[in-house]
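# Analysis of the macromolecular model
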Amino acid sequence: MKVLVLNCGSSSIKYQFIDTAAQSALAKGMVERIGMSSAILTHQPLDKEKIKIVGEILDHSIAIEYVIAVLLSPNHGVIKDKSEIDAVGHRVVHGGETFSGSVLITDQVMKALKDNIELAPLHNPPNIKGIQATKEHLPETPQVGVFDTSFHIKMPPQAFLYGIPYELYKKYKIRRYGFHGTSHRFVSQRAGIMFGKPFQELKIITAHLGNGCSMAAVDHGHSIDTTMGFTPLEGLIMGTRSGDMDPSVILYIMAKEGLSLSEANTLLNKHSGLIGISGESSDMREIEEAIAEGHKKAKYAFDVFTYRIKKYVGSYAAAMGGLDALVFTGGIGENSINVRKEVCRDMGFLGIKIDQTKNENVKGETDISASDSKVKVLRIPTNEELVIALDTQQIVSEELTSARAASSH
Ligand code: ADP
């Protein structure tokens, strides 16, 4: 099946056109600066030259029209007819408590997505716009929603409830949801394959470390706890987000600096984390470069970042009552030798030991554990788009099978 995977943000759309049989992308690209007269579409077909188009793209509907047009383009395209797009899979950020897995988009699902807007006011509206725009241009093509939250939705109440009045959970659905679910699911399944055992038999900690960072405790195939919470702000230190802190701190800063709600939100989400502490950069490569040049605050940022991960490794091993594998993924997890080294330093008491030569020479999925490490330490490149494509294929195939069965009765 050929699946168009869409990740629609407020001013950008990332896409991949994936052949699920080959498990590879026939083309990938991105539309940026949607809403502006100088929007940019970058399109990279497999085995053909990359192209860049600059022009006016005022909304998501026009952006998707462009994406379909480049996929069909005689010079840069990969299909001859729209009908070759068998299905469209959307990354949807927040499924709330409604969705415990990926779903075929129906009118009922659209209503539920709209009901969840309050929980993800920045992310769900562009996801919804993307689905509506796709329907305009590909009215007959099935669409599937794959949620960042659904892998975590079976967390037990002890992990998802906050220590605030229970009525607030009931009234406003304030609880831990967790995000990056497609990535945590994918890498924990891959870890099982590398381990030679189904992930349903293992205790795995996954660390997705990108611009956004989160960890999950994946116990026998289920996420039983994760570091992101009601929003993606909680947990680890990230590029620009604070992660965990005493909630009173923000009340204090708001009072002292006279910040509005929206300014406080911006401070925590955009000016904190690596950039906030270092004053240098939100990008781990640049933090590591700054440390090499002797910047003290960059070193603090690195230390707070890695120490927080270390603490969660300990707490999730305790939560699961043991640990079989620790997985690093995301731009930082896959590429930063120093972050992996620092997180795993002096963790022998938990059975975690890495082989430094292996850690320095990773390629693709790599086992970096020392030969006497009880816990396997794995570097696994994530592939969220592939998960979305495969989920889409599975759901669309099931729908087709049940539609055929119904029509034959
Ligand atoms: P996103 O969460 O936006 O998908 P990525 O997963 O691509 O982001 O991760 C981006 C992060 O990965 C940045 O902090 C970047 O510095 C970091 N990164 C990429 N390559 C390296 C590297 N070689 N060493 C250290 N950090 C790296």
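Here goes a summary of the coordinates provided. Just so you know, these numbers come straight off a predicted model, no measurement behind them. (Residues numbered from 1 in each chain as written. Predicted model: local features only at pLDDT ≥ 70, side-chain atom pairs only at ≥ 80, totals over all residues. Heavy atoms only, no water.)

Pairing in this open sheet of eight strands is mixed, and the strands run S5-S4-S3-S2-S1-S6-S8-S7 from one edge to the other. Whereas interior strands pair on both sides, the edge strands pair on one side only; in this sheet they are strand S5 (51-57) and strand S7 (103-104). Relative to strand S3 (residues 24-32), strand S2 (residues 13-19) is paired through seven bridges, and the arrangement is antiparallel. Across the sheet, residue Ile13 finds its bridge partner in S3, namely Val31. Where helix H3 (residues 124-137) meets the sheet, its contacts fall on strand S1 (2-8), strand S6 (87-92) and strand S8 (143-147), and the angle it forms with S6 comes to roughly 170°. (Pairing = 2+ DSSP bridges. Helix = DSSP H or I, 4+ residues; strand = E, 2+ residues; numbered from the N terminus. Contact = heavy atoms within 4.5 Å. Axes fitted to C-alpha atoms, helices over the stretch in contact; angles between N-to-C directions.)

What follows concerns the sheet that holds strand S12 (residues 325-329). Hydrogen bonds between backbone groups are what pair the strands of a sheet, and the pairing can be parallel or antiparallel. In spatial order, the strands read S11-S10-S9-S12-S14-S13; together these six strands make up an open sheet with mixed pairing. Unpaired on one side and paired on the other, strand S11 (222-226) and strand S13 (366-367) mark the two borders of the sheet. Here strand S9 (residues 203-209) pairs with S12 via five bridges, running parallel. The residue bridging Ile205 from the neighbouring strand is Leu326, located in S12. In this fold helix H11 (residues 296-320) packs onto S9, strand S10 (213-219), S11 and S12, with an angle of close to 15° to the strand it touches most, S10. Of the strands in this sheet, S9, S12 and strand S14 (376-379) are in contact with helix H13 (residues 337-344), which crosses S12 at around 155°.

A few words on the site of the ligand. Surveying the vicinity of the ligand reveals the residues Gly210, Asn211, Gly212, Asp283, Met284, Arg285, Glu288, Gly330, Gly331, Ile332, Asn335 and Ser336. Separating an oxygen atom of the ligand from a backbone N or O atom of Arg285 is a distance of 3.1 Å. Interatomic distance of 3.5 Å between a side-chain N/O atom of Asn335 and a nitrogen atom of the ligand. The protein chains hide 68% of the 570 Å² of surface that the ligand would expose on its own. Counting residues per element, the ones that place at least two in the shell around the ligand are helix H10 (284-292) and helix H12 (330-335). (Near = heavy atom within 4 Å. Polar contact = N/O pair within 3.5 Å; in protein donor to acceptor, adjacent residues only side chain to side chain. Areas by Shrake-Rupley, 256 points an atom, 1.4 Å probe, with all protein chains shown as cover.)

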